[in-house]
Amino acid sequence: MMWFIKFMQKRPSDTTIRISRVVFWLILVFALYYNLIIQNWAIDSNFFWVDISESTQLYIKYAIVALWIVPIYMWATNICLLKKKHMRILQSIFWILLFYISGKIVEWPDMDVDTLVAFMWIFPLFAWITGKCITSNCLKYKETITKIRV
């Protein structure tokens, strides 16, 4: 048990954070693309409490799949888009959004993407709670450092 606590206290390296972020998004996007676009599985017609048409469902499917652009861009350029506080808020919003999306995908006996997305919301939740999945250059992004001399 102590080794697990020691492991949880350590902060992962920046390359580990960046690679795990890209792998997470690629698994999510490829699973969603294959199941929602190629196999043409449906999403719930009552999305965000509004009845939507078939063409709007297709737009929502492509919008969900197009989310991969942001982490790939962040990985390629190593750019910080938000402060640490705002990044943690974005992580919390993302796990709530993944949890909601997993409930809106219509269940089929031979489809596994709804279960995959339901399990994948645990990773952004863990990143939000620990606050350790933010790279070191983003930890100090837009912070003013003042020296106090005695």
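Residues numbered from 1 in each chain as written. Predicted model: local features only at pLDDT ≥ 70, side-chain atom pairs only at ≥ 80, totals over all residues. Heavy atoms only, no water.

A. Expanded view of the layout of surface pockets. Volume-wise, the largest pocket comes out at about 1000 Å³. Lining the largest pocket are 34 residues, with Arg21, Gln91, Pro124, Ala127 and Cys133 positioned closest to its centre. Those elements that provide at least two residues to the lining of the largest pocket are helix 1 (2-9), helix 2 (14-38), helix 4 (69-77), helix 5 (84-104) and helix 7 (122-130). Looking at the lining of the largest pocket element by element, the count peaks at 8 residues for helix 2. Along the lines of polarity and charge, the residues of the lining of the largest pocket split into 26 nonpolar, 4 polar and 4 charged. (1 Å grid on protein atoms, 1.4 Å probe; cavity = no way out; pocket = protein on both sides within 12 Å on 5 of 7 lines; lining within 4 Å. Points joined across faces, edges and corners; volume = space filled by probe spheres on them. Helix = DSSP H or I, 4+ residues; strand = E, 2+ residues; numbered from the N terminus. Nonpolar A, V, L, I, M, F, W, Y, C, P; charged D, E, K, R; others polar.)

B. Layout of empty space enclosed by the protein. All told, the structure shown has 2 cavities of 30 Å³ or more when counted by the stated rule. The volume enclosed by the largest cavity comes to roughly 60 Å³. Surrounding the largest cavity, Trp25, Leu28, Val29, Leu32, Ile64, Leu67, Phe94, Leu97, Leu98 and Ile101 form its lining. Counting only elements with at least two residues in the lining of the largest cavity, the list comes to helix 2 and helix 5. In terms of residue class, the lining of the largest cavity is built from 10 nonpolar, no polar and no charged. Counted as a void, the second largest cavity has a volume near 30 Å³. Lining the second largest cavity we find Arg18, Arg21, Met74, Asn78, Ile79, Thr135, Asn137 and Cys138. Among the elements of the structure, helix 2 and helix 8 (136-139) are those that each provide at least two residues to the lining of the second largest cavity. Broken down by class, the residue content of the lining of the second largest cavity amounts to 3 nonpolar, 3 polar and 2 charged.

C. Up close: helix 6 (residues 113-120). All of the buried residues along helix 6 are Val113, Asp114, Val117 and Met120. Projected down its long axis, helix 6 shows its buried positions confined to an angular sector of 130°, all on one face. In this structure, the buried residues of helix 6 make contact with helix 2, helix 5 and helix 7. (Buried < 20%, exposed > 50% of the residue type's maximum accessible area, 1.4 Å probe, protein only. Arc of directions from axis to C-beta. Contact = heavy atoms within 4.5 Å.)

D. Broad picture of the side chain of Gln91. Structurally, Gln91 is set in helix 5. Accessibility expressed as a relative area gives 13% for Gln91, which makes it buried. The residues touching Gln91, leaving out its near neighbours within four places in the chain, are Pro124, Ala127, Trp128, Cys133 and Ile134.

E. Representation of a nonpolar patch on the surface. A contiguous nonpolar surface patch, about 760 Å² in accessible area, is contributed by Met1, Met2, Trp3, Phe4, Ile5 and Phe7. Tracing the sequence through the fold places Trp3 in helix 1. In this structure Trp3 comes out as exposed when scored by relative accessible area, which is 64%. (Patch = residues over 30% accessible without salt bridge, like charges linked within 9 Å, V, L, I, M, F, W, Y side chains within 5 Å. Areas by Shrake-Rupley, 256 points an atom, 1.4 Å probe, with all protein chains shown as cover. Salt bridge = Lys/Arg side-chain N within 4 Å of Asp/Glu carboxyl O.)

F. Here's a closer look at the packing of helix 2 against helix 6. Where helix 2 meets helix 6, the closest approach of the two axes is 10 Å, and the angle between their N-to-C directions is 155°. Of the possible angle classes, the one that applies to helix 2 and helix 6 is roughly antiparallel. Our pair here, helix 2 against helix 6, has a crossing hand that is left-handed. For the pair formed by helix 2 and helix 6, the contact residues are Phe24, Ile27, Leu28, Ala31, Leu32 and Asn35 on the first element and Val113, Leu116, Val117 and Met120 on the second. Within the contact of helix 2 with helix 6, the residues separate by chemical class into 9 nonpolar, 1 polar and no charged. (Axes fitted to C-alpha atoms, helices over the stretch in contact; angles between N-to-C directions. Parallel < 35°, antiparallel > 145°, perpendicular 65-115°, else oblique. Left-handed = near helix turned anticlockwise from the far one by under 90°.)

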